[in-house]
Amino acid sequence: MSPKTMKLLAKPMLLAAALIWGTSFFIMKNALDVMPVFFLLAIRFTAGAALLALIAWKRWKHLTPDYLWRGAVIGGFLFLAYSIQTFGLALTTPSKNAFLTAVYCVIVPFLTWAVVKVRPDGYNIAAALLCVTGVGLVSLSGELTIQAGDLLTLCCALFYAAHIVAVAKVSPGKDVTLLTVFQFAFAGLYAWIGGGLTETFPAAALTSPEVMLPLAYLCVMATTVALLFQNVGMVWSDPASGAVILSLESVFGVLFSVLFYGDPVTAQLLAGFALIFVAVVCSETKFSFLRKK
């Protein structure tokens, strides 16, 4: 396709990625009723690695041995983030899981500061304050206590942030798509090990259409297609508007969770969601899309 066509398709592809990921929260929640966490993630990441490996078959000529340890490191962070998020999802609502996961966008600048000594700016600090207020509104009960599912989701946000920082450290000079194949493969391997040690493989559940259809959606759409849309869309879109579109994932997560899972929504929750969303946009874009070019 021509560059002009790709630029026209970039933002719709990013919106489609955010939409797909937004739907995955309530679909994962339903799948967890019959699938244990580690085996669910093992199947998802293994299938995602296989599909992406086939799509990227021309890139295998760039393979070098160091892709293995790089994939093992970032795959480990990805596995920890998804595992903790999924355990948290089992103990909270899909809508709260969606927005609390988005907190990782605000954590990244501060984690980068700790690792590579790049100080966060005023926008990052403002985003952090907004985010903490939003998290309090979403998570804290009247007795000022936090539910276990919400706490796990906040922990997963920290590992998502660590994953992004790790990718930035190990990916320069490497084919990102090929590195993602190994990342998925190692995340799947860790999940198979976790499932083998702690869970019973749900062989009977895998013969049910009620399980296979959501699982196929998570493997194909939420893992492979959405990632490709994100990678291609960000190449042909400006970073500020791309980040805003991708941050709609949490909004779609709430919308679909309310429509299809029946999540309760209160004024306090909506206020918290709004503050977290503004914090993410502030941290990711510094509101550059509002300033004249």
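Predicted, not measured: the structure shown is a model, and the values here were computed from it.

About the thresholds
- Residues numbered from 1 in each chain as written.
- Predicted model: local features only at pLDDT ≥ 70, side-chain atom pairs only at ≥ 80, totals over all residues.
- Heavy atoms only, no water.
- Helix = DSSP H or I, 4+ residues; strand = E, 2+ residues; numbered from the N terminus.
- Rg over C-alpha atoms; globule rule 2.2 N^0.38 Å.
- Buried < 20%, exposed > 50% of the residue type's maximum accessible area, 1.4 Å probe, protein only.
- Contact = heavy atoms within 4.5 Å.
- Axes fitted to C-alpha atoms, helices over the stretch in contact; angles between N-to-C directions.
- Parallel < 35°, antiparallel > 145°, perpendicular 65-115°, else oblique.
- Left-handed = near helix turned anticlockwise from the far one by under 90°.
- Nonpolar A, V, L, I, M, F, W, Y, C, P; charged D, E, K, R; others polar.
- Core = buried A, V, L, I, M, F, W, Y, C linked by side-chain atoms within 4.5 Å.
- Salt bridge = Lys/Arg side-chain N within 4 Å of Asp/Glu carboxyl O.
- Patch = residues over 30% accessible without salt bridge, like charges linked within 9 Å, V, L, I, M, F, W, Y side chains within 5 Å.
- Areas by Shrake-Rupley, 256 points an atom, 1.4 Å probe, with all protein chains shown as cover.
- Phe/Tyr/Trp six-rings, centres within 6.5 Å; stacked < 30°, edge-to-face > 60°.

A count of helical and extended segments in the protein chain gives 12 helices and zero strands. Ordered by position from N to C terminus, the α and β elements of the protein chain give α-α-α-α-α-α-α-α-α-α-α-α. A compact globule built from 293 residues should have a C-alpha radius of gyration of about 19 Å, and the protein chain, at 19 Å, falls within 12% of that. Across its three principal axes, the protein chain shows a C-alpha extent of roughly 45 × 45 × 35 Å. A buried classification covers 49% of the 293 residues belonging to the protein chain. Considering only residue pairs separated by 6 or more positions, the protein chain has 88% of its internal contacts joining residues 24 or more positions apart.

The interhelical angle for the contact between helix 5 (residues 104–116) and helix 6 (residues 122–139), taken along N-to-C directions, is 135°, at an axis separation of 9 Å. One way to sum up the angle between helix 5 and helix 6 is to call them oblique. Of the two elements, helix 5 crosses helix 6, and the hand of that crossing is left-handed. Between helix 5 and helix 6, the residues in contact are Val-106, Pro-109 and Phe-110 and Asn-124, Ile-125, Ala-127, Ala-128 and Cys-131, respectively. In terms of residue class, the contact of helix 5 with helix 6 is built from seven nonpolar, one polar and no charged.

Moving on, we get to the nonpolar core. Ranked by internal contacts, the top residues of the largest apolar core, which has 45 residues, are Leu-40, Leu-41, Phe-45 and Phe-184. When contributions to this core are tallied by element, the ones reaching two or more residues are helix 1 (3–31), helix 2 (37–55), helix 3 (66–89), helix 7 (148–170), helix 8 (176–198), helix 9 (209–235), helix 10 (239–246) and helix 11 (248–261). Among the elements that line this core, the one with the most residues is helix 2, at 10 residues. Discounting chain neighbours no more than four positions away, the residues touching Phe-45 are Leu-78, Tyr-82, Phe-184, Ala-187 and Gly-188.

In this section: the environment of Thr-223. As for its position among the elements, Thr-223 is in helix 9. A relative accessible area of 4% places Thr-223 in the buried class. Considered as a pair, Thr-223 and Ile-20 are 203 residues apart in the sequence and their alpha carbons are 9.3 Å apart. Ignoring any residue separated from it by four or fewer positions in sequence, one finds Thr-223 in contact with Arg-44, Gly-48, Phe-184 and Leu-218.

Inspection of every chain in the model, using the stated rule, returns five salt bridges. In this structure, Asp-175 and Arg-59 form a salt bridge, with 3.0 Å as the shortest nitrogen-oxygen distance. With Asp-175 in the loop between helix 7 and helix 8 and Arg-59 in the loop between helix 2 and helix 3, this residue pair connects regions lying 116 residues apart in the sequence. The exposure class assigned to Asp-175 is buried, which follows from its relative accessible area of 12%.

A few words on the side chain of Thr-153. As for its position among the elements, Thr-153 is in helix 7. Leaving out residues up to four positions away in the same chain, Thr-153 has contacts with Gly-88, Thr-92, Asn-97, Leu-100 and Thr-101.

A few words now on a nonpolar patch on the surface. A cluster of nonpolar residues, Trp-57, Trp-60 and Leu-63, forms a patch on the protein surface that exposes about 330 Å² of accessible area. Among the structural elements, Trp-57 can be located in the loop between helix 2 and helix 3.

The geometry of two aromatic rings is summed up by the distance between their centres and the angle between their planes. Counting across every chain of the model gives 17 aromatic pairs. Judged by centre distance (5.1 Å) and plane angle (90°), the rings of Phe-39 and Phe-201 are edge-to-face. Placement of the pair is Phe-39 in helix 2 and Phe-201 in the loop between helix 8 and helix 9, with a sequence separation of 162 residues. Since its relative accessible area comes to 38%, Phe-201 is described here as partly exposed. Seen in terms of ring centroids, Phe-99 and Phe-273 are 4.5 Å apart; in terms of plane orientation they differ by 15°. Their pairing is stacked.

Another aspect to go through is the environment of Ala-127. Among the secondary structure elements, Ala-127 is positioned in helix 6. Ala-127 sits in the buried class, given a relative accessible area of 0%. Sequence separation between Ala-127 and Met-234 is 107 residues; the distance between their C-alpha atoms is 22 Å. When sequence neighbours within four positions are dropped, the list of residues in contact with Ala-127 reads Val-106, Ala-279, Cys-282 and Ser-283.

What follows is about unusual backbone geometry. Residues other than glycine seldom take positive phi values, yet Lys-286 does so here, at roughly 55°. Mapped onto the fold, Lys-286 is located in the segment after helix 12 (267–285). Within the chain, Phe-287 stands out as a residue other than glycine whose phi angle is a positive 55°.

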